[in-house]
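Now for the letters of each chain:
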Amino acid sequence: VLIASSMSNLEFIAKLWPYIKPYRWQVLFILVGLSVEFGYEASFRYSMKFLIDDVILKKNKEVFFLLFAIFGIAGVVYSVICVTCDYYWARYGAKIFSDLCHDLFQHLQKQPLGYHNRQSSGDLMARFTSDAGIVDTALVIVLPAAFLSTGELLVSSVFLFHLNSLLSFGVL
């Protein structure tokens, strides 16, 4: 059984690993892209320190143009990486989900006839519609969002510690 009401993200990934494993290099590529995404987002917020300290307070136009150029170019690269990762995540998420549904169908076909007599057709259809939809949502939306949020939290914590270690201990 794949779905449990109290299943953690790690337990969910462990249960899905046999389905992810055939696509592990593609998923690794996606995770690297997601790492670039959260690195850019955290770096963009960190750059506000330089924008305030060097550009606004010291009126240093060179730093402004440097930041503008860096984040302008990085923003274009970031957008391409985001779209690419979303495309590949949807593509391989659909393949993983298709493999999962195929195995579920095969499992149901191997059940004895008495099992099908005890189960209503609505219950069996719910396995393929609503229950499978929950797994698909968790696979394609929740897992990448959890990875992005966790990574961004870690990178932002490092930046916060660099800015003010006392404040970062207060936040933790």
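Keep in mind that what you see is a predicted model, and the values were worked out from it rather than measured.

## Some remarks on helix α2 (residues 24–56)
The terminal C-alpha atoms of α2 lie 46 Å apart, and with 33 residues this matches the ideal 48 Å at 1.5 Å per residue to within 8%. At F50, α2 is deflected by roughly 30°, the largest bend along its length.

## Points about the packing of helix α3 (residues 61–109) against helix α5 (residues 121–163)
For the pair α3 and α5, interaxial distance at closest approach is 10 Å and the crossing angle is 150°. Classed by the angle they form, the pair α3 and α5 counts as roughly antiparallel. Here α3 and α5 pass one another in a crossing that is right-handed. Side by side, α3 and α5 meet where W89, G93, I96, F97, L100, C101, L104, F105 and L108 of the first sit next to L124, R127, F128, A132, G133, V135, D136, L139, V140, L143 and P144 of the second. Of the residues belonging to the contact of α3 with α5, the class tally is 16 nonpolar, two polar and two charged.

## Focus: the packing of helix α1 (residues 9–20) against α5
Relative orientation of the contacting elements α1 and α5 amounts to 125°, with a least axis distance of 12 Å. For the element pair α1 / α5, the angle class is oblique. Crossing of α1 over α5 shows left-handed handedness. Note on element contacts: α5 touches α1 through V135, A138, L139, L143 and A146, opposite N9, F12, I13 and L16. Here the contact of α1 with α5 is built from residues that sort into eight nonpolar, one polar and no charged.

## So, the pattern of salt bridges
Scanning the model with the defined rule gives three salt bridges in all. Between R45 and E152 there is a salt bridge, with its nearest N and O atoms 2.3 Å apart. You can see R45 sitting in helix α2 and its partner E152 sitting in helix α5, a full 107 residues away along the chain. Exposure remark for R45: the relative accessible area of 43% places this residue in the partly exposed category. The residue D54 makes a salt bridge to K58 at a minimum N-O spacing of 3.7 Å. Classification of K58 as exposed rests on a relative accessible area of 62%.

## Focus: the environment of H162
Tracing the backbone shows H162 in helix α5. Overall, H162 belongs to the exposed group, its relative accessible area being 54%. Sequence separation of H162 and Y46 is 116 residues, and the distance between their C-alpha atoms is 9.9 Å.

About the thresholds
Residues numbered from 1 in each chain as written. Predicted model: local features only at pLDDT ≥ 70, side-chain atom pairs only at ≥ 80, totals over all residues. Heavy atoms only, no water. Helix = DSSP H or I, 4+ residues; strand = E, 2+ residues; numbered from the N terminus. Expected span 1.5 Å × (residues − 1). Bend = angle between axes of the 7 residues up to and from the residue. Axes fitted to C-alpha atoms, helices over the stretch in contact; angles between N-to-C directions. Parallel < 35°, antiparallel > 145°, perpendicular 65-115°, else oblique. Left-handed = near helix turned anticlockwise from the far one by under 90°. Contact = heavy atoms within 4.5 Å. Nonpolar A, V, L, I, M, F, W, Y, C, P; charged D, E, K, R; others polar. Salt bridge = Lys/Arg side-chain N within 4 Å of Asp/Glu carboxyl O. Buried < 20%, exposed > 50% of the residue type's maximum accessible area, 1.4 Å probe, protein only.

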